[in-house]
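# Commentary on secondary and tertiary structure
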Amino acid sequence: MIEAVGLSKRYGPKTAVHDLSFTVRPGVVTGFLGPNGAGKSTTMRMLLGLDTPSSGHATLNGRRYADHAAPLREVGAMLEARAVHTGRSAFNHLLALAATHGIPRRRVEEVIDLVGLRQVARKRAGGFSLGMGQRLGIASALLGDPATLILDEPVNGLDPEGILWIRNLLKSLATEGRTVLVSSHLMSEMALTAEHLIVIGRGRLIADTSVEEFTLQASSGKVHVRTPDAARLGKLLRELPGVEVAAEDGENVLEVSGAECEQIGRLAAEHGLVLFELTPQQASLEEAFMELTKDAVEYEATVTPTTSAEEVAA
Amino acid sequence: MSTVTATVISTKAGEGRVTLPRVVHSEWIKFRSLRSSYITLAVTFALTVGFGALFCWATVNRWDHLPADERAHFTPVEHSLRGYFLAQMAIGVLGVLVVTGEYSTGMIRASLSAVPKRLPVLWAKTAVFGAITWVVATVSCLIAFFLGQAILAGKHLDTTLSAPGVLRVVLGMGLYLTAVGLLAVGIGTLIRNTAGGIAAVFGTLLVLPLLAEALPSSWQDDIVPYLPSNAGQAVATLHQGPHDLAPWTGLGVLGLYVLAALIGAAAVLKRRDA
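My aim in this report is to walk through the structure given alongside it, one point at a time. Remember, predicted model here, so these are calculated numbers, not experimental data. (Residues numbered from 1 in each chain as written. Chains lettered and ligands numbered in written order. Predicted model: local features only at pLDDT ≥ 70, side-chain atom pairs only at ≥ 80, totals over all residues. Heavy atoms only, no water.)

## Concerning the pairing of strand β10 (residues 222–226) of chain A
Residue and element names in this part refer to chain A.
- Direction of pairing for β10 relative to strand β12 (residues 253–257): antiparallel, over a ladder of 5 bridges. The residue of β12 that forms the bridge with Lys222 is Ser257.
- Sheet topology places β10 next to strand β13 (residues 277–280); 4 bridges connect them, and they run antiparallel. If you follow Val225 over to β13, its bridge partner there is Leu278. (Pairing = 2+ DSSP bridges. Helix = DSSP H or I, 4+ residues; strand = E, 2+ residues; numbered from the N terminus.)

## Considering the interface of chain A and chain B
- The interface of chain A with chain B comprises 58 residues on the first partner and 47 residues on the second.
- Area buried by chain A at its contact with chain B is led by A:Leu50, A:Arg88 and A:Thr100, which between them contribute 15% of it.
- Counting across the interface, chain A meets chain B through 1 salt bridge.
- Of the charged contacts in the structure, one is a salt bridge between B:Asp273 and A:Lys9, with a shortest N-O distance of 2.7 Å.
- At the junction of chain A and chain B, the tally comes to 12 residue pairs in polar contact (both at pLDDT 80 or more). (Contact = heavy atoms within 4.5 Å. Buried area = accessible area lost by both parts, 1.4 Å probe. Salt bridge = Lys/Arg side-chain N within 4 Å of Asp/Glu carboxyl O. Polar contact = N/O pair within 3.5 Å; in protein donor to acceptor, adjacent residues only side chain to side chain.)

## Remarks on a nonpolar patch on the surface
Residue and element names in this part refer to chain B.
- A grouping of Phe45, Trp134, Val135, Val139, Ile143, Leu175 and Trp248 is seen on the molecular surface, where their side chains present a nonpolar patch of about 620 Å² in accessible area.
- For the nonpolar patch, the leading source of residues is helix α7 (residues 119–152), giving 4 residues.
- Within the element layout of this structure, Trp134 appears in helix α7.
- A residue is classified by how much of its surface remains accessible, and Trp134, at 42% relative accessible area, is partly exposed. (Patch = residues over 30% accessible without salt bridge, like charges linked within 9 Å, V, L, I, M, F, W, Y side chains within 5 Å. Areas by Shrake-Rupley, 256 points an atom, 1.4 Å probe, with all protein chains shown as cover. Buried < 20%, exposed > 50% of the residue type's maximum accessible area, 1.4 Å probe, protein only.)

## Brief notes about the pairing of strand β2 (residues 14–24) of chain A
Residue and element names in this part refer to chain A.
- Relative to β2, strand β1 (residues 2–11) runs antiparallel, the two being bridged by 7 bridges. Residue Ile2 lies in a different strand from β2, and its bridge partner there is Val24.
- What sits between β1 and β2 in their antiparallel hairpin is a turn of 2 residues, with Gly12 showing a positive phi close to 60°.

## Some words on the pattern of salt bridges
- Overall, the coordinates contain 15 salt bridges over all chains when judged by the stated rule.
- Salt-bridge contacts for B:Asp64 lead to B:Lys155; the nearest nitrogen and oxygen are separated by 3.0 Å. Residue B:Asp64 is found in the loop between α2 (35–62) and α3 (68–72), and its partner B:Lys155 is found in the loop between α7 and α8 (166–191); the two are separated by 91 residues along the sequence.
- B:Lys155 gets classed as partly exposed once you look at its relative accessible area, which sits at 29%.
- Several salt bridges share partner residues, and in doing so they unite A:Glu109, A:Asp113, A:Arg118 and A:Arg122 into one network.

Structure follows, in structure tokens:
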């Protein structure tokens, strides 16, 4: 369980994270989404006490991270995979981290096998590919067998096989009842992995909702219609109040907004028009995300004149 | 690299919490698992012993042609330890690297995530690096001393550990080099950048005494003996000059500089974002 309460981070006049509150529950994978510079990594560093919040606080499993007697056993984190001394082997890196908590050597061997780094475990981490570095980061996070996992862009640099592996790993960790927070800018990946989403833009909370609701909320409400009588149907639809129709010349396709499928179907039947296809357009998670973060930017721009000078600079 | 299936994680991680001895153990693993540690310690040993032997050999070789005044001021114990001047640079670099190596690679975030109270990391680094430096420096000085005296014996110029002050000089040099290493750990933590840290350590040890020579001579006597390197070297000087600090007072003054650097380091480590 992760709870952020009014987290803010200011760097001089610039606000990186503004009054961010959210709860990450155990048992599901929670995606942490936002465009570059939205404040995802800063937020994650504040969760772990690496950065001190300007105001607000965060608790993990009921306590601030630094107040845990054995933090690695409570929270496993991978922030920017390259938190490894390039001159040290993967094995010694994990062994040194394990030593701080008295975690036995066999657990180190175990996580090395778990992430599939056995063959390169004794090699210098500086020579690792991006994908191997990610696996080492995940191994560090799993070292203490923690109830809560915080992973910053774990699929970055992984090959398709690795991505599939991460996806299954995250899901199985959540199924075991752990809290899993995963940041990503890959919406499509989150659609496959996460059940819940926390979306931020410009350091502010945009959405805290299930993946399903998120797509629904942001769906365009458009209906895709394919008919040999496109011209006639288009004319009839345009006569309805609040309905807009976009047609492509020479195609039998109409994009209708402001009308439900049922309405369009009945109208076609009344006038004896043939329909080949009548499909509500679901926004993809990607589109939904773009739509919502775009709004956030506009909202920010209109609201700034009435807020403090500090926020204008942000 | 082809583990596709997700494996259910077992609970073999044990029960323990973070303790200072465990953090010390962790820092020991970190130190011993880097090649640069061994290289730098070997360089420290080679410089101390090698240059000590070289200077002693040169003296024996040219003794008959030396002016009387130079012969009168010859102190065999100091002569055999003269390699310290270069060895302190190797130790200073390693002391800085112990900390800045973590910042430049990002390792520091892993270290501070494992030990979020942060200060145990600094104390453990100080303890591990201090102990290792002390052992290596003291052993190097003892070997340089015995080898140097063996060479000086060719002209019957040698001295022994039981002669007045000699043991204090040899062991004192090991302590001086250890203090230099700890000063470097403190400065490395304050500056966080390898090049800047090394420049600051060398500036403090080597450049400050040169700069002070530009001061009016009446001020020099009040300032020069209290500079970190001059103060610390008093313990490794057999016969103190008129303005030198007493041996243990001098080492104590250097110790205060080290303490100040480490307290400053602790304050910024605790406060700054990692």
